[in-house]
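# Observations on the model geometry
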Amino acid sequence: MEMTILSCESPTSVRCRLFSVDQGWVGETLLASCEALFVQHPALEQLVIEEESLTGLEFLLNDGVFRRKSDGTLLCEAEQFWQYAPLWLTRKSHGAYPSKLVMTNGIRHPLRPERNQGELYRRFIPWLGQTLSFRIAEINEDLYSFNRWMNNPRVARFWEEQGDLEQHRAYLERQLADPHTLPVIGCFDGSSFGYFEVYWAKEDRIAPFYDVDDYDRGLHLLVGEEAFRGKAFYTAWFSSICHYMFLDDPRTRRIVCEPRHDNHQQIANFDRSGFARIKHFDFPHKRALLVMLWRERFFSEHLYRPL
């Protein structure tokens with residue numbers, strides 16, 4: 001299949017035409033072509049696609065990836081395209097887990113899905129020429145790296161989780177056993193570089209400090225490998241972990257974080273990444289700043305692209 005740009009209708013809109021379509025692969029090839037155009041031209045907000053009558057697109061029309069215009073062309077808008085989870089989530093099932101309210105430790109919250117194993121998310125990062133992925137932490141594979149990262153003075157200053165291998169084995173075991181937390185390892189081209197804890201805010205210690213929603217997600221994070229620090233890498237992994245959290249459940253409207261109030265570098269990064277500063281508050285162990293990112297802002301302002 002070939003997609004040719006016919007004209008730029010505006011700085012944010014391009015008209016294209018499809019040629020030589022293999023009907024058996026039309027959905028996959030069309031998605032790949034759209035992603036390539038949106039990645040190569042970050043200012044694009046929509047693609048208008050001319051094509052002959054194609055079959056095999058019904059599921060993409062039903063899922064809202066494309067819409068049929070009155071003139072018969074296909075409309076692909078970036079804001080909806082980047083919410084199409086099957087392009088980036090690598091687990092078998094996608095979409096909203098059926099809602100059932102349960103009680104845990106006196107907290108009424110939705111029943112959470114069983115934890116997936118292995119890789120969760122995969123995305124090629126064009127400005128690095130590398131593939132970024134997130135996977136569930138595995139104690140046998142990740143314990144030594146996790147222990148080294150937690151004992152790095154830069155990390156220990158804010159995480160305060162220094163310890164030996166057995167302490168960190170027990171820490172990871174607790175996270176893996178807790179249904180409200182997802183311990184995640186980030187990798188570039190298969191090399192692990194950092195640790196992320198993705199959690200449901202409703203069941204977390206942060207919940208009493210704001211008007212929490214049933215599907216708010218929270219995040220703790222660290223970069224353990226010095227070779228993967230810097231703006232180019234940060235732009236890739238931070239936007240992508242937020243992308244993952246919004247894709248994992250379409251009912252998630254907000255991502256919250258609670259950096260320590262004096263972690264000025266991290267707070268500046270949250271500012272640049274679209275998070276709003278909500279308020280300072282006090283945990284028993286630290287004074288924190290509540291910051292929040294809205295789903296609407298993330299996708300409408302294309303915050304998945306380079307800063």
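Residues numbered from 1 in each chain as written. Predicted model: local features only at pLDDT ≥ 70, side-chain atom pairs only at ≥ 80, totals over all residues. Heavy atoms only, no water.

## A word on the overall build of the protein
Put simply, the rule reads: The way it works is that DSSP assigns letters per residue, a run of H or I at least four long becomes a helix, a run of E at least two long becomes a strand, and they are numbered from the N terminus. Each radius of gyration reported is based on C-alpha atoms, and the globular scaling rule is 2.2 Å times the count of residues to the power 0.38. A simple rule labels every residue: compare its accessible area, found with a 1.4 Å probe on the protein chains alone, to the largest value its type can have, and call it buried under 20%, exposed over 50%, or partly exposed in between. The criterion used for residue contact is that any of the two residues' heavy atoms lie within 4.5 Å.
If you tally the helices and strands in the protein, you get 9 helices and 15 strands. The C-alpha atoms of the protein give a radius of gyration of 21 Å, which matches the 19 Å a tight globule of 307 residues would have. Seen through its principal axes, the protein has C-alpha atoms that stretch 60 × 45 × 35 Å. Every one of the 307 residues in the protein was classed for burial, and the buried ones make up 51%. Taking all contacts inside the protein whose residues are at least 6 apart in sequence as the whole, residues at least 24 apart take part in 61%.

## Some remarks on the sheet that holds strand 11 (residues 191–200)
How we decide: The pairing criterion for strands is at least two bridges between them, as found by DSSP. Between N-to-C directions, angles span 0 to 180 degrees; the directions come from axes that are lines fitted to C-alpha atoms, helices contributing only their stretch in contact.
Pairing in this open sheet of 8 strands is mixed, and the strands run 8-9-10-11-12-13-15-14 from one edge to the other. Two strands in the sheet have a free side with no partner beyond their single neighbour: strand 8 (119–125) and strand 14 (276–282). Averaged over neighbouring strand pairs, the angle between their axes works out to 25° when direction is ignored.

## Considering the packing of aromatic side chains
The test is simple: Two rings from Phe, Tyr or Trp (for Trp, the six-membered ring) form a pair when their centres are within 6.5 Å of each other. A pair whose planes differ by under 30 degrees is stacked, one over 60 is edge-to-face, and the rest are tilted. Charge over a ring is defined by NZ of Lys or CZ of Arg lying within 6 Å of the ring centre and within 35 degrees of the ring normal.
Scanning all chains against the criterion turns up 34 aromatic pairs. Arranged with centres 6.4 Å apart and planes meeting at 40°, the rings of phenylalanine 193 and tryptophan 237 form a pair that is tilted. Linking phenylalanine 193 in strand 11 with tryptophan 237 in helix 7 (residues 231–248), this pair joins segments that are 44 residues apart in sequence. With respect to class, phenylalanine 193 is no different from tryptophan 237; both count as buried. Relative to phenylalanine 298, the ring of phenylalanine 246 lies with its centre 5.4 Å away and its plane at 40°, an arrangement referred to as tilted. Here phenylalanine 246, found in helix 7, pairs with phenylalanine 298, found in helix 9 (residues 295–300); they are 52 residues apart in sequence, far enough to count as distant. Of the two residues examined, phenylalanine 246 and phenylalanine 298, each falls in the buried class. Positioned above the aromatic ring of tryptophan 200, the side-chain terminus of arginine 112 is 4.1 Å from the ring centre.

## Points about the packing of helix 4 (residues 139–150) against helix 6 (residues 165–177)
For any two helices packed against each other, one specifies the crossing angle of their axes together with the interaxial distance. Applicable threshold: Angles below 35 degrees are treated as roughly parallel, those above 145 as roughly antiparallel, those between 65 and 115 as roughly perpendicular, and all remaining angles as oblique. The hand of a helix crossing depends on one turn: near helix anticlockwise from the far one by less than a right angle means left-handed, and clockwise means right-handed. Three classes are used, and their members are as follows: Ala, Val, Leu, Ile, Met, Phe, Trp, Tyr, Cys and Pro are nonpolar, Asp, Glu, Lys and Arg are charged, and the others, Gly among them, are polar.
The N-to-C vectors of helix 4 and helix 6 enclose an angle of 120°; their axes lie 9 Å apart at closest approach. What the angle tells us is that helix 4 and helix 6 run oblique. You can see that helix 4 and helix 6 cross each other, and the crossing is right-handed. Of the residues in helix 6, those in contact with Ile139, Asn140, Leu143, Tyr144, Phe146, Asn147 and Met150 of helix 4 are Leu165, His168, Arg169, Tyr171, Leu172, Glu173 and Leu176. Split into classes, the residues belonging to the contact of helix 4 with helix 6 amount to 9 nonpolar, 3 polar and 2 charged.

## Overview of helix 7
The test is simple: Expected helix span is computed as 1.5 Å times (number of residues minus one).
Taking 1.5 Å per residue as the helical rise, helix 7 with its 18 residues ought to reach 26 Å, and the 25 Å between its terminal C-alpha atoms agrees with that figure. By the criterion of burial, helix 7 is predominantly enclosed, with 16 of the 18 residues buried.

## Some words on the environment of alanine 96
Inspection of the secondary structure puts alanine 96 in the loop between helix 3 (78–81) and strand 6 (101–104). Classification of alanine 96 by relative accessible area gives partly exposed; the value is 43%. Counting along the chain gives 153 residues from alanine 96 to aspartate 249, while the straight-line C-alpha distance between them is 5.4 Å. Setting aside residues up to four positions removed in sequence, alanine 96 forms contacts with Asp249, Pro250 and Arg251.

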